[in-house]
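Take a look at the letters that make up each chain.
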Amino acid sequence: MGCLVYGANGYSGSLLARLAVTRGERPILAGRSAGTVRALAEELGLPYRIGAPSLELLEDVRAVVNCAGPFAETAAPMVAACLRAGVHYLDITGELDVFDWMFNQDTAAKQAGVAMITGAGFDVVPTDCLAALLAAELPGAVALELAFAAPGGLSRGTARTALAEMGAGAARRIGGELVATRFGTPSRSVPFPSGVRRVGATRWGDLVTAYRSTGIPDITVYMPLPPGSGLAPLFRFGPLRRAARALVRRGGPSDAVRAAQGCEVWAEVRDAAGNVRTATLTGPNAYALTADASLRAVQRVLAGEVAPGVHTPSSALGAGFVRTLDGVTVTLS
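Residues numbered from 1 in each chain as written. Predicted model: local features only at pLDDT ≥ 70, side-chain atom pairs only at ≥ 80, totals over all residues. Heavy atoms only, no water.

Below, the discussion takes up the overall build of the protein chain. Looking only at helices and strands, one finds twelve helices and 16 strands in the protein chain. In the protein chain, which comprises 333 residues, the share counted as buried stands at 53%. Put simply, of all contacts in the protein chain between residues at least 6 apart along the chain, 72% involve residues at least 24 apart. In the structure as shown, the protein chain presents an accessible area of about 13,500 Å², 51% of it carried by carbon and sulfur atoms. (Helix = DSSP H or I, 4+ residues; strand = E, 2+ residues; numbered from the N terminus. Buried < 20%, exposed > 50% of the residue type's maximum accessible area, 1.4 Å probe, protein only. Contact = heavy atoms within 4.5 Å. Areas by Shrake-Rupley, 256 points an atom, 1.4 Å probe, with all protein chains shown as cover.)

Next up, the structure:
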């Protein structure tokens, strides 16, 4: 396959590795946790490498899927190595600042002749593709609202990233500019396919990615507010955030939980005349969707279907990419 899965010792990386094998692929597994990476590689009969991002790690590799968060720590060194080695790069980040940084690498990626897709998992394939589908349905849309619900629990890496994001508060894009707001503010009721739910504003990648994909100047992303979300501002303080991070357990949702808990996304665009288009999506558990989406994305990159440069999922693979994923249904209205 010529693909290296970095962070294979983590929850999402191991799911991706297992799915790849079931589909007849043989990725190289990699990470800094030697014992965990080696054990998984031996179980699956795959080659493996141990180490931090480097040129040596990428020898004879054509593409990397970076599953090792926090991506604020791993994206920059891995992207730098990929640019020097001429290796394609994908990640499954959901970190707002990382998305911003990634798109600043567009010129370097084009000069190096490599394709880079950032947010190639649940963050942000479903929301980015729905935004692009609706933008095509209503050219000239000036406002986009997105909401997602992804029950079933979090992996250790996602939980730790979520603590940092909660501490940073929420954000909206207004008039093309990012504007900070309190976590959960504003709030509204959203008609998900399973029923109406109350949601509040959050920090989500589409504040960067959907803006890049669609050019819509006003964007708000919502999620159901978790218990204790009123304490979110406290996580701005480093000592408290580090203490909470230390309490997060390893692992993630069990096979049974993933099978039982799917995801839902709602999206709406409006133009200046008040015309509205909406869409909903139902799909499998967010972690299952991440493994499926990132594997299909890297296969298409390796097939030469993505031009050099830094892309959102929809700009690289088309707004209809989300419809190709297992168990996903999209409804436009």
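That covers the picture; the talk isn't over yet.
Another point: the side chain of D128. On the secondary structure map, D128 appears in helix α6 (residues 125-137). Of the side chains with opposite charge, R212 comes closest to the buried, unpaired D128, at an N-O distance of 9.2 Å. Among the polar contacts made by the side chain of D128, one reaches the side chain of T312 at a distance of 3.3 Å. Not counting residues within four places of it along the chain, the set of residues in contact with D128 comprises D206, T209, A210, S213, T312, P313, S314 and S315. (Lys, Arg positive; Asp, Glu negative; His and termini not counted. Salt bridge = Lys/Arg side-chain N within 4 Å of Asp/Glu carboxyl O. Polar contact = N/O pair within 3.5 Å; in protein donor to acceptor, adjacent residues only side chain to side chain.)

Here strand β8 (residues 170-174) runs beside strand β9 (residues 177-181); their pairing, made up of five bridges, is antiparallel. Of the residues in β9, the one forming a bridge with I174 is E177. Hairpin connection, β8 to β9: the antiparallel pair is bridged by two residues, and G175 has positive phi, about 60 degrees. (Pairing = 2+ DSSP bridges.)

In this structure, L29, V64, M116 and I117 are the most contacted members of the largest nonpolar core, which totals 99 residues. Element by element, the count of residues in this core is highest for helix α11 (residues 286-302), at ten residues. In this structure, I117 is in contact with Y89, L90, D91, A297, V301, V306, H311, T312, P313, A316 and L317, ignoring residues within four places of it in sequence. One finds A149, V190, V199 and W266 within the second-largest nonpolar core, a separate group that totals seven residues. (Core = buried A, V, L, I, M, F, W, Y, C linked by side-chain atoms within 4.5 Å.)

Keep in mind these numbers describe shape, not what the thing actually does.
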